[in-house]
Number of protein chains: 2
Amino acid sequence: MNIKLNSQRSNSLKFPPYLQLAIDIPIVSEVRNLFMKIAKITSSQLLIEIGTPFLKNEGLRKIAPFCREFFPSNYIIADFKTLDVGKLEVNIGAQAKVDACVVSGLAPIATIDNFISECKTLNIDSWVDTLGVPFYAFEKKIEALELFPDVLIIHRGIDEELSGKEYSWEIIKKYKSLVPSLIAVAGGITLENVQKPLKSGSDIIIVGRAIYQAEEPLVELKKFLDSLNS
Amino acid sequence: MNIKLNSQRSNSLKFPPYLQLAIDIPIVSEVRNLFMKIAKITSSQLLIEIGTPFLKNEGLRKIAPFCREFFPSNYIIADFKTLDVGKLEVNIGAQAKVDACVVSGLAPIATIDNFISECKTLNIDSWVDTLGVPFYAFEKKIEALELFPDVLIIHRGIDEELSGKEYSWEIIKKYKSLVPSLIAVAGGITLENVQKPLKSGSDIIIVGRAIYQAEEPLVELKKFLDSLNS
């Protein structure tokens, strides 16, 4: 692939907190229905995440321009959860003109290093997702990395979330002391508990089903956006 | 999504060894060029892998039928490298009528369990990829799993391979003693070293760039297929 530097990119994350809507719906027609309902929102505090199953089923090349149509000036994240060929997947993201690409924190150090450095080269934000990495293991890993990512996601996976284990938001502070990156938090965030991650120092709140599976997604989305500033 | 049991599936892995061609080319037009050159091969020993970057860029929904056009009776694997929402990604694979789906061995136990059990329900083979999981960690993980996968991939990632570390094929025997699954081996296999994994008990040899980046991919593919039976 011939990749050009994404020099036109104007979106960046300078004014947290943000709300990130994670689209984990695999079928583009269903996502279209959702977007028709919510795209009238023009908040610059709203980030759009192309979730992994959506990306894998429909392909980023097709999906990124589709999202951009509905959200022309929002920051868009491609949740690759990259595990290998770090550079190649960043190139796919650059080609699709997304603002950020996500590598899995479970990937080998060499992959994460290649990923972050390629993001810098191509002027895309690099995100690392800690899904499945215990804190003590991540602490060691971050020391071995050559560069810090722009954003770190503290993530409870959906399969883990459904298993009903207890969760402590206090862990956010520990991560925050470890890296200069912005901190995003994902997994089981609701209107009832959203102030906990915000007060513990989260810069980005990631919500998916709690918004798009609601009876009125637009109403729910507005409530979550309001909660950022309350 | 409405998923139906893939009851028409006739492909299975009863007569190893096999050669798996991993397509890690992200652009469908380039893959088409490759397939035009090699699709005249009708060996039932050839498996076709839809590699992760290919799947992420073009989308499995589009890519699986495209591969099936060129290889109507070959076993096709979707290399999801799933890390979360195990069931959902298997459903995407079933919908696309692939023969097998791959979950990352780095995923949480709950995800791998959900993935394998959904594969059984939907009559798709389940593969676990050990990329990035050290043997001692995998040993513990396999004990915690409810079901064994159909195939286990012993995998050196491309980023790791390029870092030049030494590799011992003897490890294959250790994995083979641990699981009843077939063993697939990936990462840096060439015509020069292919007999080593075969003699150490590999059932499936995974090769990508060594075939499709060769000057004559068809000639190279034939040589690899011949090497299975020599």
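Q: Looking at this structure, I do not really get the sheet that holds strand β3 (residues 75–82) of chain A. What am I missing?
A: Note on sheets: strands pair through backbone hydrogen bonds, and any given pair is parallel or antiparallel. As summarised here, the arrangement of the eight strands in space is β1-β2-β3-β4-β5-β6-β7-β8 (chain A), forming a closed barrel in which the pairing is parallel. Ignoring strand direction, the axes of neighbouring strands in this sheet form an average angle of 25°.

Q: Honestly, the sheet that holds strand β8 (residues 204–207) of chain B in this entry has me stumped. Any pointers?
A: All names here are of chain B. Taken in spatial order, the eight strands of this closed barrel run β1-β2-β3-β4-β5-β6-β7-β8, and their pairing is parallel. Put simply, the sheet's adjacent strands are angled 25° from each other on average, direction ignored. The sheet contact formed by strand β2 (residues 46–50) and strand β3 (residues 75–82) spans four bridges and is parallel. Bridging from a neighbouring strand, Leu47 pairs with Tyr75 of β3.

Q: Can you help me understand the state of the cysteines in this one?
A: As used here, a disulfide is simply a covalent bond connecting the sulfur atoms of two cysteines. Tallied over the entire structure, the rule returns zero disulfides over all chains. With no disulfide of its own, A:Cys101 lies 5.1 Å from the sulfur of A:Cys119, the closest cysteine sulfur.

Q: Even after reading the chapter, I still don't get the relation of the copies chain A and chain B, so can you show me in this structure?
A: Comparison of the two chain copies shows a relationship of rotation about an axis with a shift along it. The transformation that overlays chain A on chain B combines an axial shift of 0.0 Å with a rotation of 180°, and the residual RMSD is 0.0 Å. Expressed as an axis order, the relation between the two copies is that of a two-fold axis. Across chain A, the smallest distance between a C-alpha and the rotation axis is recorded for A:Gly59, namely 1.7 Å. Both copies present the same face, since 100% of the interface residues in chain A are matched by interface residues at the equivalent positions in chain B.

Q: So what exactly am I meant to see when it comes to the pattern of salt bridges here?
A: When the charged atoms of two side chains with opposite charge come close together, those side chains can pair. Overall, the coordinates contain 16 salt bridges over all chains when judged by the stated rule. Across the salt bridge formed by A:Glu170 and A:Lys173, the nearest N and O atoms sit 3.5 Å from each other. Residues participating in the shared-partner salt-bridge network are A:Glu58, A:Lys62 and B:Arg61.

Q: Even after reading the chapter, I still don't get helix α4 (residues 86–95) of chain A, so can you show me in this structure?
A: Counting along an α-helix, one turn takes 3.6 residues, and residues three or four places apart therefore face a common direction. Residues and elements named next belong to chain A. Most of α4 is tucked away, with seven of its 10 residues classed as buried. Of all the residues in α4, the buried ones are Gly86, Glu89, Val90, Asn91, Ile92, Gly93 and Ala94. At the C-terminal side of α4, Lys97 shows a positive phi close to 60°.

Q: What am I meant to see in the packing of helix α6 (residues 135–144) of chain A against helix α8 (residues 171–178) of chain A here?
A: The description of two helices packed together rests on the angle between their axes and the distance between the axes. All names here are of chain A. Between α6 and α8, whose axes approach to 11 Å, the crossing angle comes to 10°. Here α6 lies roughly parallel to α8, going by the angle between them. Of the residues in α8, those touching α6 at Phe135, Phe138, Glu139 and Ile142 are Ile171, Lys174, Tyr175 and Leu178. Split into classes, the residues belonging to the contact of α6 with α8 amount to six nonpolar, no polar and two charged.

Q: Where do I start with the packing of helix α4 (residues 86–95) of chain B against helix α5 (residues 109–121) of chain B in this structure?
A: Residue and element names in this part refer to chain B. α5 packs onto α4 with a crossing angle of 35° between their chain directions and a minimal axis gap of 7 Å. At the point where α4 passes α5, the crossing takes the right-handed sense. Residues Gly86, Lys87, Val90 and Asn91 of α4 pack against Thr111, Asn114, Phe115, Glu118 and Cys119 of α5.

Q: Mind showing me how you'd approach the interface of chain A and chain B here?
A: Often, the extent of an interface is quoted as the loss of accessible area on bringing the components together. Between chain A and chain B, the residue contacts involve 37 residues of the former and 37 residues of the latter. Between chain A and chain B, the buried area comes to about 3200 Å², and carbon and sulfur atoms account for 62% of it. Residue A:Glu58 is joined to B:Arg61 by a salt bridge in which the shortest nitrogen-to-oxygen separation is 3.0 Å. Summed over the shared surface of chain A and chain B, the result is 12 residue pairs in polar contact (both at pLDDT 80 or more). Elements represented by at least two residues in the side of chain A that touches chain B include exactly α2 (52–58), α3 (60–70), β3, α4, α5 (109–122) and α7 (158–162) of chain A. The biggest single contributor to the side of chain A that touches chain B is α2(A), with six residues. Residue classes in the side of chain A that touches chain B are distributed as 17 nonpolar, 10 polar and 10 charged.

What counts, and where the lines are drawn
Residues numbered from 1 in each chain as written. Chains lettered and ligands numbered in written order. Predicted model: local features only at pLDDT ≥ 70, side-chain atom pairs only at ≥ 80, totals over all residues. Heavy atoms only, no water. Pairing = 2+ DSSP bridges. Helix = DSSP H or I, 4+ residues; strand = E, 2+ residues; numbered from the N terminus. Axes fitted to C-alpha atoms, helices over the stretch in contact; angles between N-to-C directions. Disulfide = S-S within 2.5 Å. Least-squares fit on C-alpha atoms with pLDDT ≥ 70 in both. Contact = heavy atoms within 4.5 Å. Salt bridge = Lys/Arg side-chain N within 4 Å of Asp/Glu carboxyl O. Buried < 20%, exposed > 50% of the residue type's maximum accessible area, 1.4 Å probe, protein only. Parallel < 35°, antiparallel > 145°, perpendicular 65-115°, else oblique. Nonpolar A, V, L, I, M, F, W, Y, C, P; charged D, E, K, R; others polar. Left-handed = near helix turned anticlockwise from the far one by under 90°. Buried area = accessible area lost by both parts, 1.4 Å probe. Polar contact = N/O pair within 3.5 Å; in protein donor to acceptor, adjacent residues only side chain to side chain.

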